[in-house]
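Observations on chain architecture
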Amino acid sequence: MNIDIPAGKDAIGYVWGEMVPGIGTAAAAFSLAVYQHTTLGLREFEAARLRIAQINGCLFCLDWRTERDGVKVEEEFADAVTNWRTTDAFDERARLAAEYAERYAVDHHNIDEAFWARMSEHYSQREIVELSMSIGAWLAFGRLNHVLGIDAVCVLPGH
């Protein structure tokens, strides 16, 4: 870890809640809101989330699988995300979600009109904004956890 955590303290709770409570608490609420208030389907949600986890290298995020009504994506899903360009496991929405996540994270200056045209064929403007905010949260917070070295000790309540 790159941050000193006092003995007996949960790393995530300490960094996100105690060290910078004015910022960390707000960040945690935003991060949680992405999961609690999403209207996106599970497969496109997870395709984007996992692609960001792969890019960030966040250990916890790579292991995490979002669950909805007792359902999670299949075990092979992470491999499909890695191979989003060629996999036959994705419909066009999931493929676009993975592509958007990758472009957002590593090449956002080159998201062109042709890409937006494809996105608009499969996503409403509201869904595009929601996906953009979700990707931004995963990119920022997964990267933060990895850079600080606390991703190996992340534990969310109930998981």
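Our subject in this report is the structure included herewith. Because the structure is predicted, anything quoted here is derived from the model rather than measured. (Residues numbered from 1 in each chain as written. Predicted model: local features only at pLDDT ≥ 70, side-chain atom pairs only at ≥ 80, totals over all residues. Heavy atoms only, no water.)

**Some thoughts on the overall build of the protein chain**
Applicable threshold: Only runs of H or I of at least four residues qualify as helices and only runs of E of at least two qualify as strands under DSSP, and these elements are numbered from the N terminus. Only protein chains enter the accessibility calculation, which uses a 1.4 Å probe. A residue is then buried if its area is under 20% of the maximum for its type, exposed if over 50%, and partly exposed in between. Note on definitions: a residue-residue contact is assigned when non-hydrogen atoms from the two residues lie within 4.5 Å. Here, Shrake-Rupley sampling with a 1.4 Å probe gives the accessible areas, and only protein chains in the shown set may cover a residue. Charge assignment in this entry is limited to Lys and Arg as positive and Asp and Glu as negative, and neither His nor the chain termini are counted. Charge placement uses NZ in Lys and CZ in Arg. For Asp and Glu, CG and CD serve respectively.
When you go through the protein chain residue by residue, the secondary structure sums to eight helices and zero strands. Listed N to C, the secondary structure of the protein chain is α-α-α-α-α-α-α-α in terms of helices and strands. Its C-alpha atoms give the protein chain principal-axis dimensions of roughly 50 × 30 × 25 Å. Burial analysis of the protein chain (159 residues in total) assigns 44% to the buried set. Put simply, 65% of the contacts in the protein chain that link residues at least 6 apart link residues at least 24 apart. Of the roughly 8700 Å² of accessible surface on the protein chain, a fraction of 56% belongs to carbon and sulfur atoms. Distance from the positive charge centre (14 side chains) to the negative charge centre (24 side chains) of the protein chain: 1 Å.

**What to know about the side chain of Glu 44**
Keep this limit in mind: Pairs of N or O atoms within 3.5 Å make up the polar contacts considered here, provided that, within protein, one atom can donate a hydrogen while the other can accept it, and that residues adjacent in sequence are counted only when both atoms are side-chain atoms.
The topology assignment puts Glu 44 in helix H3 (residues 42–56). Within the structure, Glu 44 has its side chain in polar contact with the backbone nitrogen of Gly 41 (distance 2.8 Å). Beyond its immediate stretch of four places on either side in the chain, Glu 44 contacts Arg 93, Ala 94, Ala 97 and Tyr 123.

**Description of the environment of Glu 102**
By the secondary structure assignment, Glu 102 is in helix H6 (residues 92–106). Overall, Glu 102 belongs to the buried group, its relative accessible area being 13%. The spacing of Glu 102 and Ile 52 is 50 residues in sequence and 6.8 Å in space, taken between C-alpha atoms. One polar contact links Glu 102 to Arg 85, side chain to side chain, over a distance of 2.8 Å.

**Thoughts on H6**
The line we're drawing: Take the number of residues in a helix, subtract one, and multiply by 1.5 Å to get its expected span.
The end-to-end C-alpha distance of H6, which contains 15 residues, comes to 21 Å, matching closely the 21 Å that a straight helix rising 1.5 Å per residue would cover. For H6, the tally of buried residues reaches twelve of 15 residues, placing the bulk of the element in the interior. Of the positions making up H6, those classed as buried are Arg 93, Ala 94, Arg 95, Leu 96, Ala 97, Ala 98, Glu 99, Tyr 100, Ala 101, Glu 102, Arg 103 and Ala 105. Contacts from the buried residues of H6 go to H3, helix H7 (113–122) and helix H8 (125–148). Where H6 begins, the capping side chain belongs to Asp 91, and its oxygen is found 3.2 Å from the backbone nitrogen of Arg 93.

**Topic: the nonpolar core**
When a protein is soluble and globular, its nonpolar side chains tend to lie buried together. Test applied: Nonpolar cores were defined as sets of buried Ala, Val, Leu, Ile, Met, Phe, Trp, Tyr and Cys residues, with membership established by side-chain atoms within 4.5 Å.
Core analysis: the biggest nonpolar cluster contains 40 residues, and Phe 90, Met 119, Tyr 123, Leu 131 and Ile 135 have the highest contact counts within it. Every element with two or more residues in this core is listed here: helix H1 (11–19), helix H2 (21–36), H3, helix H5 (77–82), H6, H7 and H8. If we ignore the near neighbours within four places in the chain, the residues touching Ile 135 are Ala 48, Ile 52, Tyr 100, Ala 101 and Tyr 104. One finds Ala 53, Cys 58, Phe 60 and Cys 61 within the second-largest nonpolar core, a separate group that totals five residues.

**Considering the environment of Val 34**
The residue Val 34 is located in helix H2 in this model. Setting aside its immediate chain neighbours within four residues, Val 34 contacts Phe 45, Ser 134, Ala 137 and Trp 138.

**Remarks on unusual backbone geometry**
For residues that are not glycine, phi is negative in most cases, and the peptide bond is trans in most cases. In this structure, Asp 69 is a non-glycine residue whose phi angle is positive, near 50 degrees. Among the structural elements, Asp 69 can be located in the loop between helix H4 (59–63) and H5. Accessibility expressed as a relative area gives 83% for Asp 69, which makes it exposed.

**Let's talk about the pattern of salt bridges**
Note the cut-off: Each salt bridge in this description consists of a side-chain nitrogen of Lys or Arg and a carboxyl oxygen of Asp or Glu lying within 4 Å of one another.
Tallied over the entire structure, the rule returns 13 salt bridges. The residue Glu 74 makes a salt bridge to Arg 43 at a minimum N-O spacing of 2.8 Å. Linking Glu 74 in the loop between H4 and H5 with Arg 43 in helix H3, this pair joins segments that are 31 residues apart in sequence. With relative accessibility at 30%, the residue Glu 74 sits in the partly exposed group. In this structure Arg 43 comes out as partly exposed when scored by relative accessible area, which is 30%. Between Asp 112 and Arg 103 there is a salt bridge, and its shortest N-O distance comes to 4.0 Å.

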